[in-house]
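# Chain and residue survey
Below are the chains, spelled out letter by letter.
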Amino acid sequence: MNNLEKYISKSIQSVPPSGIRKFFDIVSEMKDALSLGVGEPDFVTPWNIREMGIYSIEEGHTHYTSNFGLLELRKEISRYLKDRFDLDYPNYRDQILVTVGASEAIDIALRSIVNPGDEVLIPEPCFVSYKPCVIFAGGVPVEIETKPENDFKLRAEDILPRISSRTKAIILSYPNNPTGAIMTKDDLKEIVDVLKDKDIIVISDEIYAELTYEGSHVSIANFPEMKEKTIVINGFSKAFAMTGWRLGFVAANEVFIKAMAKVHQYIIMSAPTFSQYAAIEALKNGLSEVEKMREEYNRRRRYMVSRFNKMGLECFEPKGAFYVFPSIKSTGLPSEEFAERLLYEQKVAVVPGTAFGRSGEGFIRCSYAYSIETIKQALDRIEKFVMNIKSQGVSRQIRENNMVVEK
Amino acid sequence: MNVEIKVLEILEQNPKLSAQEIAVMLGEDKKKIEEIIKKLEQDKVIVKYHTIVNWERTEKEVVEAIVEVKVTPQRGFGYDAIAKRIYKFPEVKAVYLLSGDYDLHVVVEGKSMKDIAQFVGSKLAPLEYVLSTATHFIMKKYKDAGVILEDGERDDREVITP
């Protein structure tokens, strides 16, 4: 250990660095490598939204906004949540807080409710930030494994044994990254029945809500018995292809918003002003673009799922987000080895499922936020790789059998 | 949106996709998509499968010009007859009837500026009912048929967040 590292806090030390970044540094230096690795839209932010960002700077809107965000934006968010997801936060002055991306929202939500030692339930596989954020807040992450045979949905029977007297919160994230799983109203009802009488707060990360391909997105906050106990997190990154603008929001009861605003105002002050103006335009006039992007993602999703199934990598049908999560168990390779060999042998980068928690073993995450041409080419290469692995497996078996005969 | 429109949207973006691939992308039956494409071709909804080439990147010398043409409409035929006379020339790539300062917007292609000047001077301008022409040479194309021809935007997305 380097001498200076002893000064680093235990909680920071306990979080391992992301091993994936190193893996993908190789990709950026590799010639002709194709990547299915990124978790952000390939579309550029629609022009009317970009234009409004530029215009707001031209107009001289270069100062802080209210800590909570521009009032007009909060009003639009309130209207949007009602119109799109039937979520009622009419008192937008006190029930909505504009944040620097959904990432900040997750952090301040956890920091405003977690006491040292409190447990936070996290269904796995999950977005890589949840566990570190819980640890940074002084909490203890408790994993709940979700299973491919349940389409990676969270089941009541999975939650019950993980609840203890120290359980403070649960993070729900549907549509899910990396699996693409969604929860229907019936699925959620089962969870609501478990949680409604318990003192457990739900942090509901709904950043992929607009990218729901079948049926419409349902939030656990749609259930009246859960509304008060749920902190809804959403943002502009995925739906409006606005990742670089760093703009998200939280909708919750005044009490939670007040607490989160404390952290937010002392650490962040306020979200970027030009991004907020752009976001107003996004909510007012951007939904038709969202619809177009969703349609395009949906086409790629179907194509990708069908190709994986055809090449013998069993792939349940993700109903949301922009990832597919095929099983690679039939190749006999563990996730990381699969990803590494695929990269070196066929120059295709995918993310090993284990990056999203232990229950991701045996899976890889492939993003379809790429042009259909790239997807097609990458899948051709993956298919070749899988065929090679399988034929090697068969020839090894034949060799082994022959040896048995010779004996 | 009906399936025909969806098929057209996909093909407009990428005519190289097979009926099978489009069927998968739309969650439809392959046969149905094949029939739709066949019908769209027969009905001349799909007129042609076109490739957008950035000739500036090749050795081939191509010059294009936009010619503003003022004409006298003919009794009984309006602008159609004169437009037809003009679009039959192989040098003419596109003809649009416009509202405004002039009537026909004619896109002409040739090997050199001289070529185009000759075509306009000797064939287009002397046509009966053509009152005047104004020729504008295209210096550079930035975007054509909805496609940005320059080196576009590089995919600079990081691989995983965070």
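Reading guide: rules and limits
- Residue positions are counted from 1 within each chain, in the order its sequence is given.
- Numbering of ligands from 1 and lettering of chains from A proceed in the order in which they are written.
- Selection of residues for local features in this predicted model requires a pLDDT of at least 70, selection of side-chain atom pairs for listing and counting requires 80 or more, and totals for whole chains, interfaces and linings are taken over all residues.
- For side-chain calculations, the full set of non-hydrogen atoms in the structure is used, while hydrogens and water are omitted.
- UniProt positions are given in the numbering used here, feature names are shortened, and annotations may be inferred rather than shown by experiment.
- Secondary structure elements are taken from DSSP: a helix is a run of H or I of four residues or more, a strand is a run of E of two residues or more, and numbering for both begins at the N terminus.
- In this setup the radius of gyration rests on C-alpha atoms only. A globule is expected at 2.2 Å times the number of residues raised to 0.38.
- Think of it in three bands: residues with accessible area under 20% of the maximum for their type are buried, residues over 50% are exposed, and the middle band is partly exposed, with areas taken using a 1.4 Å probe on protein chains only.
- Salt bridges are identified by distance alone: a Lys or Arg side-chain nitrogen within 4 Å of an Asp or Glu carboxyl oxygen.
- In this description, a nonpolar core means a group of buried Ala, Val, Leu, Ile, Met, Phe, Trp, Tyr and Cys residues linked to one another through side-chain atoms lying within 4.5 Å.
- Contacts between residues were defined by any pair of non-hydrogen atoms, one from each residue, lying within 4.5 Å.

- The name that an unreviewed UniProt entry assigns to chain B is AsnC family transcriptional regulator, with the source organism given as Caldicellulosiruptor diazotrophicus.

- As recorded in an unreviewed UniProt entry, chain A goes by the name Aminotransferase, listed as coming from Caldicellulosiruptor diazotrophicus.
- The Cofactor (unreviewed entry) field of the UniProt record for chain A holds the comment "pyridoxal 5'-phosphate".
- Quoted verbatim from the Sequence similarities (unreviewed entry) field of UniProt, the annotation for chain A is "Belongs to the class-I pyridoxal-phosphate-dependent aminotransferase family."

## Notes on the overall build of chain B
- In terms of regular secondary structure, chain B is built from five helices and six strands.
- Rg of the C-alpha trace for chain B: 21 Å, well past the compact-globule value of 15 Å for 162 residues, more than 25% over.
- Summarising its shape, the C-alpha atoms of chain B cover approximately 60 × 45 × 30 Å along the three principal directions.
- Relative to its full complement of 162 residues, chain B shows a buried share of 30%.

## Section: the pattern of salt bridges
- Scanning the model with the defined rule gives 43 salt bridges over all chains in all.
- Where Asp118 of chain A meets Lys168 of chain A, a salt bridge forms, and the shortest distance between an N and an O atom there is 3.5 Å. With Asp118 of chain A in the loop between helix H6 (101-113) and strand E3 (119-124) and Lys168 of chain A in strand E5 (residues 167-172), the pair connects residues that are 50 residues apart, well separated along the chain.
- With relative accessibility at 13%, the residue Asp118 of chain A sits in the buried group.
- Two residues, Glu296 of chain A and Arg300 of chain A, come together in a salt bridge whose shortest N-O distance is 3.3 Å. In this pair, Glu296 of chain A and Arg300 of chain A are both assigned in helix H13 (residues 287-310), four residues apart and thus about one turn of the helix distant.
- By sharing partners, the salt bridges in this structure join Asp42, Glu295, Glu296, Arg299 and Arg300 of chain A together with Lys6 and Glu9 of chain B into a single network.

## Structural notes on the nonpolar core
- Core analysis: the biggest nonpolar cluster contains 121 residues, and Leu110, Ile170, Ile231, Phe308 and Ile382 of chain A together with Val7 of chain B have the highest contact counts within it.
- With eight residues, helix H15 (residues 372-406) of chain A is the largest single contributor of residues to this core.
- Once residues lying within four places of it in the same chain are set aside, the contact partners of Ile170 of chain A are Leu121, Pro123, Ile144, Leu154, Ile159, Leu195, Ile200, Ile201, Val202 and Ile203 of chain A.
- Core analysis: the second largest hydrophobic core is formed by 30 residues, Val98, Leu247, Ala271 and Ile280 of chain A among them.

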